2 protein chains.
Amino acid sequence: MEIIGVAGIPEVHPGDELGPMVLQAASAQGTPIEDGDVVVVTQKIVSKAEGQLVDLSTVEPSKKALRLAAESGRNPRIVELVLRESRTIVRKDLERGILITETIHGFVCANAGIDTSNVPGHETVSLLPKDSDRSAAAIRRHLCDAIPVTDLAVVVSDTFGRAWRNGHVNFAIGVAGMEPIKDYRGTVDAHGETLHVTRIAIADEIAAASELVMAKADGIPVAIVRGVTFTGGDGGVAGLLRDRSTDLFR
Amino acid sequence: MEIIGVAGIPEVHPGDELGPMVLQAASAQGTPIEDGDVVVVTQKIVSKAEGQLVDLSTVEPSKKALRLAAESGRNPRIVELVLRESRTIVRKDLERGILITETIHGFVCANAGIDTSNVPGHETVSLLPKDSDRSAAAIRRHLCDAIPVTDLAVVVSDTFGRAWRNGHVNFAIGVAGMEPIKDYRGTVDAHGETLHVTRIAIADEIAAASELVMAKADGIPVAIVRGVTFTGGDGGVAGLLRDRSTDLFR
C-alpha cells in the first residue's frame, strides 16, 4: 500500500472546482490517479472551494454566545459561529475555553470544526462543508469521468481531537464510492473462532494514514491512498457516526 | 510513504522472541527492514510471546464480577479478568454487556483489551502486554542491533472502539524510538497565522494506517511503515494518554 501526497495545488478560492485541480496536480507531479485509488482531500480546501468562509466582523453574537465567550475568554463571534454550526453542546470546559459540540452534520468535535488557520485574513474563519459527502461525490464524479475509472473513492478528512488520548488525528467527514466500515462479522480466525472486533472504520484509518504525508504547513492538502482494499458503496459517512442511543459518551 | 504487510510469521508461542521472527519474515518476503522504518506489531502476537494468555477455567470470579456478569449476561470469568486488568470502570452498559474501563496501563477501551479471538483454545483469552513500551523497545533493540540501524521505531498496536463513532481502528499501545506526538506549536501557516491544531498523534495514525494491510483473519500481524517523518524519542506511549484532569470524558 502506498500513500502519495499531492503537492502543487494552487490556493483555492470560492467557486473553484477541486476535481480538475486534484487531477491536474497529481498528473503534474508524475503520480496520476488510477483505478482503485482512494483520494483524500482535506476539509480546508473543500470549505474554501465551497465558500464556507466567514468574515468574523459580519457575525452578530447572541446573548448565549456573549455569555459563553465571557465565561471562557473566547472570541464571542467565534462562539456564535460554533453555536450556529452545532446541534448540542456535548461538553464545555469554560476555564480552558473548550466547547465540544455535536455539529449540525453529526460530528462530535471541538469548536464545530471551525478553523482559523490556513485561511487568508486574520478575521476570516472556515466552517465545515455543508455536506461533505456531496463534496466528496462531486470530486469523485469528476475524477471517474475524466480518467475514466469506476473503482475510485474519495474521502474528505478533518483533524479532530479524541476522548482519552492526547493529540489530534485525521477522520473522515465525507465519503464517496466506498463503504466506510469493513465488516468482518461471520469471519472465522486462524483457530476457528469467530472474530470479536468485527467492524473496522477503514475510512477513518485511510484519513489518519493520509495525514502522515500532509505536513500541516506545507501545502499538501490531498493524498492518494493506493492499494487498499475497499468495497464500493454510496452510503457516505453516515455509517461512521454512532447513534446517540448507543453512545456512552454523549 | 509505503505500508508493507509482513506475512509468514509462524504461530507465536510463549517465550518466543519477536525481533528475530519479524526480521526473518520481512527478509524472506523480499522487503527487509530498513533505516527510517516504523515497524508496527499487533498486540496479539506480543501478548502470546509474553505468555499473557489465561486459561479461563483457572479464573475464580469475585462477587463483583459475578454480579456484573449476571446483570450483563457476560461470562463471569471474563468479567473478573476485565476488573483485574482495570483501574476503574469508565462506563457500563449492562443491557448490551459493555464495560469501558481504564486499564492498569492507562488505556480507555472496552473489556480492558482482553481478546478471545485468534487465541488457540476456546477457553483461552489474551490480556494486553504488561508493558507494551518495553515490548516495543525489546523488538526495536533486536532490529537495530541485527540490521544494524539507528533510526527505527517500533509501535505495538491494538484495535479499540471510539466515542461518538462506529467501528474500531488501530491505536498505539506501545512505542519505542519515536515521539508519539508531532508538535507543530509555533509553526506558521501559508498565510502567516499560527497553526491551531498543533499536536498530531502520529503514532496513532501510523497504527491506524498499518491496520489497512493487516487483514484480520489472514495472518499479517506486522507492518512496515516506510517514508514517514518522525522524531526519535524514548518517552513511550505516555504522551498519547490524556491526563484524567484534562479529560472531559472520564
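What you see is a predicted model, and the numbers here were worked out from it, not measured in a lab.

Q: Sorry if this is basic, but what is going on with the overall build of chain A here?
A: Within chain A one finds six helices and twelve strands. For chain A, the C-alpha radius of gyration of 19 Å lies close to 18 Å, the compact-globule estimate for 250 residues. Taken over the C-alpha atoms alone, chain A extends approximately 55 × 50 × 25 Å along its principal axes. Counting all 250 residues of chain A, 51% fall into the buried class. Sequence-distant contacts in chain A: of pairs separated by 6 or more residues, those separated by 24 or more amount to 60%.

Q: Can you walk me through the sheet that holds strand β5 (residues 98-103) of chain B in this structure?
A: Pairing between sheet strands relies on hydrogen bonds along the backbone, with the strands arranged either parallel or antiparallel. Residues and elements named next belong to chain B. Pairing in this open sheet of three strands is antiparallel, and the strands run β4-β5-β6 from one edge to the other. Looking along the sheet, the strands with just one partner apiece sit at the ends: β4 (86-93) and β6 (108-110). On average, adjacent strands in this sheet sit at an angle of 30 degrees to one another, irrespective of strand direction. Relative to β5, β4 runs antiparallel, the two sharing six bridges. Residue S86 lies in a different strand from β5, and its bridge partner there is T103.

Q: What should I look at first to understand the nonpolar core in this one?
A: Most often, soluble globular proteins have nonpolar side chains that are buried together. In terms of nonpolar packing, the biggest core is built from 151 residues, with V155 of chain A together with V155 of chain B touching the most fellow members. In contact with V155 of chain A, other than residues within four places in its own chain, are V38, V40, A136, A172, G174, V175, A203, I206 and A207 of chain A.

Q: Mind showing me how you'd approach the sheet that holds strand β5 (residues 98-103) of chain A here?
A: Residues and elements named next belong to chain A. Pairing in this open sheet of three strands is antiparallel, and the strands run β4-β5-β6 from one edge to the other. At either margin of the open sheet sits one strand with a lone partner, and together these are β4 (86-93) and β6 (108-110). Going from strand to strand, the sheet's axes swing by 30 degrees on average, the running direction of each strand aside.

Q: Just to check I follow, could you spell out unusual backbone geometry for this structure?
A: Residues I147 of chain A and P148 of chain A are joined by a peptide bond in cis, for which omega reads -15 degrees. Tracing the backbone shows P148 of chain A in the loop between α5 (132-146) and β8 (153-160). One non-glycine residue with positive phi stands out, namely N111 of chain B, at about 55 degrees. Topologically, N111 of chain B is positioned in the loop between β6 and β7 (124-126). Exposure remark for N111 of chain B: the 23 C-beta atoms within 10 Å place this residue in the buried category. Unusually for a residue other than glycine, W164 of chain B sits at a positive phi of about 75 degrees.

Q: It is not clear to me how helix α4 (residues 76-84) of chain B should be interpreted in this structure. Could you clarify?
A: Owing to its 3.6 residues per turn, the α-helix aligns residues three or four sequence positions apart on the same side. A large share of α4 of chain B lies buried, amounting to seven of its nine residues. Of the positions making up α4 of chain B, those classed as buried are P76, R77, I78, V79, E80, L81 and V82 of chain B.

Q: Help me out: how do you make sense of the domain arrangement of chain A in this one?
A: Frequently, the measure chosen for interface size is the accessible area removed from exposure when the parts meet. Residues and elements named next belong to chain A. Under the domain assignment, chain A is made up of domain 1 (2-52 + 129-242) and domain 2 (54-125). Computed from C-alpha coordinates alone, the two centres of domain 1 and domain 2 are separated by 26 Å. Every contact between the two is made by six residues of domain 1 and, on the other side, seven residues of domain 2. Grouping the constituent residues of the side of domain 1 that touches domain 2 by class yields three nonpolar, one polar and two charged.

Q: It is not clear to me how the packing of helix α3 (residues 63-72) of chain A against helix α4 (residues 76-84) of chain A should be interpreted in this structure. Could you clarify?
A: What describes two packed helices is the angle between their axes and the distance between those same axes. Residue and element names in this part refer to chain A. The contact between α3 and α4 brings their axes to 8 Å, and the two run at 125 degrees. The angle between α3 and α4 places the two elements in the oblique class. Of the two possible hands of crossing, α3 and α4 adopt the one that is right-handed. Here α3 contributes K64, A65, L66, L68 and A69 to the contact with α4, which in turn contributes P76, V79, E80 and L83.

Q: Which parts of the structure should I look at to understand the pairing of strand β2 (residues 38-42) of chain A?
A: Within a regular beta strand, the side chains point alternately toward one face of the sheet and then the other, so they alternate between its two faces. Residues and elements named next belong to chain A. Among the five residues in β2, five count as buried, and that is most of the element. Pairing analysis gives five bridges linking β2 to β8, with the strands arranged parallel. Bridged to V41 within β8 is V156.

Q: Help me out: how do you make sense of the confidence of the model for chain A in this one?
A: Interpretation of this model should avoid reading the predicted coordinates in detail wherever pLDDT is low. Across chain A, pLDDT averages 93, with 92% of residues at or above 70. Predicted complex, confidence summary: ipTM 0.95, pTM 0.95.

Q: Explain the pairing of β8 of chain A here, please?
A: Residue and element names in this part refer to chain A. With respect to burial, β8 is a largely interior element, eight of its eight residues being buried. In β8, alternate side chains face the same way, and those of A153, V155, S157 and T159 on one face and V154, V156, D158 and F160 on the other are all buried. In this structure, β8 lies alongside strand β9 (residues 169-176), joined through seven bridges in antiparallel fashion. What sits directly across from S157, in β9, is A172.

Conventions adopted
Position labels on residues start from 1 in each chain and follow its written sequence. All chains are assigned letters beginning with A, and all ligands numbers beginning with 1, in the order in which they are written. With the structure being a predicted model, the display of local features is reserved for residues of pLDDT at least 70 and the display and counting of side-chain atom pairs for 80 or more, all residues being used for whole-chain, interface and lining totals. Only DSSP runs of H or I covering at least 4 residues are called helices, and only runs of E covering at least 2 are called strands; the numbering of each starts at the N terminus. With the radius of gyration taken over C-alpha atoms, the globule rule is written as 2.2 Å times the number of residues to the power 0.38. Neighbour density around each residue's C-beta defines its exposure: 20 or more other C-beta atoms within 10 Å make it buried, 12 or fewer make it exposed, and counts between make it partly exposed, where C-beta atoms are placed from the backbone. By definition, residues are in contact whenever their C-beta atoms, placed on the basis of the backbone, come within 7 Å of each other. DSSP calls a pair of strands paired once it identifies at least 2 bridges connecting them. Structural elements are reduced to axes, namely lines fitted to C-alpha atoms, with helices fitted over the stretch in contact, and the angle between N-to-C directions of any two is expressed from 0 to 180 degrees. Each nonpolar core comprises buried Ala, Val, Leu, Ile, Met, Phe, Trp, Tyr and Cys residues, the members being joined through C-beta atoms within 7 Å. Note that domain bounds follow an automatic or database assignment of domains. Amino acids outside the nonpolar list (Ala, Val, Leu, Ile, Met, Phe, Trp, Tyr, Cys, Pro) and the charged list (Asp, Glu, Lys, Arg) are all regarded as polar, and Gly is one of them. Note on terminology: angles under 35 degrees are roughly parallel, angles over 145 are roughly antiparallel, angles of 65 to 115 are roughly perpendicular, and the others are oblique. In a left-handed crossing the near helix is turned counterclockwise from the far helix by less than a right angle, and in a right-handed crossing that turn is clockwise. Per residue, pLDDT measures the predictor's confidence, with a range of 0 to 100.

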